[in-house]
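Observations on the model geometry
Letter by letter, the chains look like this.
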Amino acid sequence: GGGGGDDDETGADGGGGGGGSSYAHPDHVDNPSFESGVNWGHGRVLLYYQLVPTATTFSGGQVNQNEMSFDLIMNQYIQDLTPDDFVFSSGTCEIYEIAVNLSVANIRARNCSHGEIGLTLKPRSVGELERGPLTSQTAWASNDRQGPTLTMTAPAGVHSTSEIVIPFSFSELTPSTESFSLPGCDAQIRESSLVLTNCASGSHQVSVRSFIADDFWGNSGPISQTVQFSVDHTAPALSFSATVSGTTSFSYELALHFSETVVIAPDAISFSSSMTCSPLATNLSQECGYGEVSWRINTASISDLVGYPVGSEIIEVSLSNPEPVISQAPSVSEPIVQVVNPEPAVTPQPTEPGPSPDPGPAIVVPPTPTQEIQTSSDSVTVPSESEPVTQSPTEPAIELEIEPVIQEPWLPSWSEEVEVATLGATTMRPRIQVREQSKEPAASEISASKSDITPEVESQPREEVQTVAGPKLEIESKDSWPWLEISVAVLLIGLIGFGAYRTIGR
């Protein structure tokens, strides 16, 4: 309440003031409470507050080969800090200890990965009621779990006698030629590169020696590595083949074969022909007609990957495919008939049974159609297919070959077989009549008439048919025949032979 007015400047006669109303406006004061009799004299206001926890410092680093340490300093005492209040923004670790001293906390981690490690404190995770910090806080530190490194870059391609340069990168060591396993080459270190000279021809390899150095944290290295390269001191070898194929339109192809990879200049190979051609793919493959084609190969324009040329000469490869000339077939002459009179046949005498001599080559009659031939009174009985013919011990061996002879339309129809007698290198084909009998003769009854026959030598290959008929030898050829005379003679000879057969009982 307010006091009364005072009209005296001394203030001695003014009125006293009233008590307070004990009222707090709800729009300006939250949760007010009132107490009486707690204050005398002037009024007072007491304000109570708590600061939000804030990190002032957060850092870390590697302790040894397997451990890292992080320090957290906050603006007030640290309360309720656990491993669950942290996450790793980079890398991985295992938090195994947290030590708190007032406003300072030490966090220890182990089994961390190699490289940059980021340890982050989560927001609103520290202090009474876990009000701070308002934003996340991260400490960064590098963790070295890797030993010294030495890494080579493999040289490209094949090399000649010049220098072979192998670049490399390294860390935590100083490379030297002793850091490598070298082939039989001279070596030196030049500007982060291994330079090799005087290497022999062939394939080679260079290796980094493993675990020959340790770093500050005790990590060993480098890791072994091998690169390969080839050295070439020889020129490439060339071989080739040319082919032509087709019927009316032909494909002419030239195939080149090299002992190694080569570079062919555009003008190294040229093509020419006597006719118009069309390239199928390149000038090594052409489509042409009949004629001649050729390729010219400049070996000096073909070299391997290190520059050695195939040679210094010009090679020319040609193919000839002339159009064929069609010739007329030769005419066939008419058959010629020749009659030869041999010596009279000698009738073999019967001999006493005894040991059978070597029969010589057996005659086997193949199953062919029966034909008829003319013969004289002296006849030869031809055995069946399974029965061989033996010779008399006193007679010279005669090799016989049986062939069928086609019956002429004007001759009578009899069954026949043809034997070809071969004496040395001379071949005869006699035609021998086989008379029909009432029964098949046994093998022991088979006999052959023997004649001293002068064979006719076939001086040149031509088709002939030779006929032996008793004492006469007829040679049939493809010339003109005296048909009437031959028919009469054959008929008479047949009758005489038939009578002789009946007379001698054979």
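Residues numbered from 1 in each chain as written. Predicted model: local features only at pLDDT ≥ 70, side-chain atom pairs only at ≥ 80, totals over all residues. Heavy atoms only, no water.

**Brief notes about unusual backbone geometry**
- In this model, Gly-132 is joined to Pro-133 through a cis peptide bond whose omega is -10°.
- Relative to the assigned elements, Pro-133 resides in the loop between β6 (115-121) and β7 (137-143).
- Going from Gly-221 to Pro-222, the amide bond is cis rather than trans, its omega being 0°.
- Residue placement: Pro-222 occurs in the loop between β16 (220-221) and β17 (225-231).
- Within the chain, Glu-191 stands out as a residue other than glycine whose phi angle is a positive 50°. (Helix = DSSP H or I, 4+ residues; strand = E, 2+ residues; numbered from the N terminus.)

**What about helix α1 (residues 483-504)?**
- If you check α1, its first and last C-alpha atoms are 31 Å apart, about what 22 residues at 1.5 Å a residue would give, namely 32 Å.
- Among the residues making up α1, those that are buried are Ile-486, Val-490, Ile-493, Gly-494, Gly-497 and Tyr-501. Relative to the axis of α1, the buried residues are bounded by an arc of 110° and lie together on one face. Exposed residues lying more than 90 degrees from the buried face of α1 are Leu-484, Glu-485, Leu-491, Leu-495, Ile-496, Arg-502 and Thr-503. (Expected span 1.5 Å × (residues − 1). Buried < 20%, exposed > 50% of the residue type's maximum accessible area, 1.4 Å probe, protein only. Arc of directions from axis to C-beta.)

**A look at the packing of aromatic side chains**
- Under the criterion given, the structure shown has six aromatic pairs.
- Aromatic pair Phe-58 and Phe-86: ring centres 6.3 Å apart, planes at 45°, arrangement tilted. One end of the pair, Phe-58, is in strand β1 (residues 55-62); the other, Phe-86, is in strand β3 (residues 86-90), and 28 residues separate them in sequence.
- Pairing Phe-168 with Phe-180 gives two aromatic rings, centres 5.7 Å apart and planes at 50°, and the pair type is tilted. With Phe-168 in strand β10 (residues 164-171) and Phe-180 in strand β11 (residues 180-181), this pair connects stretches of sequence that are twelve residues apart.
- Aromatic rings pair up to connect Phe-168, Phe-170 and Phe-180 into one cluster.
- Between Arg-110 and the ring centre of Tyr-96, over which it is positioned, the NZ or CZ distance is 4.6 Å. (Phe/Tyr/Trp six-rings, centres within 6.5 Å; stacked < 30°, edge-to-face > 60°. Lys NZ or Arg CZ within 6 Å of the ring centre and 35° of its normal.)

**Topic: the state of the cysteines**
- Counting across every chain of the model gives three disulfides.
- Between the sulfur atoms of Cys-277 and its disulfide partner Cys-288 the distance amounts to 1.8 Å. Linking Cys-277 and Cys-288, the disulfide has an S-S dihedral of approximately 125° and is accordingly described as right-handed. One end of the pair, Cys-277, is in the loop between β21 (269-273) and β22 (278-279); the other, Cys-288, is in strand β23 (residues 285-288), and eleven residues separate them in sequence. Cys-288 shares its class with Cys-277; the two are buried.
- In the protein, the bonded cysteines, numbered by position in the sequence, are linked as 1-2, 3-4, 5-6. (Disulfide = S-S within 2.5 Å.)

Purely geometric stuff here, so don't read any function into it on its own.
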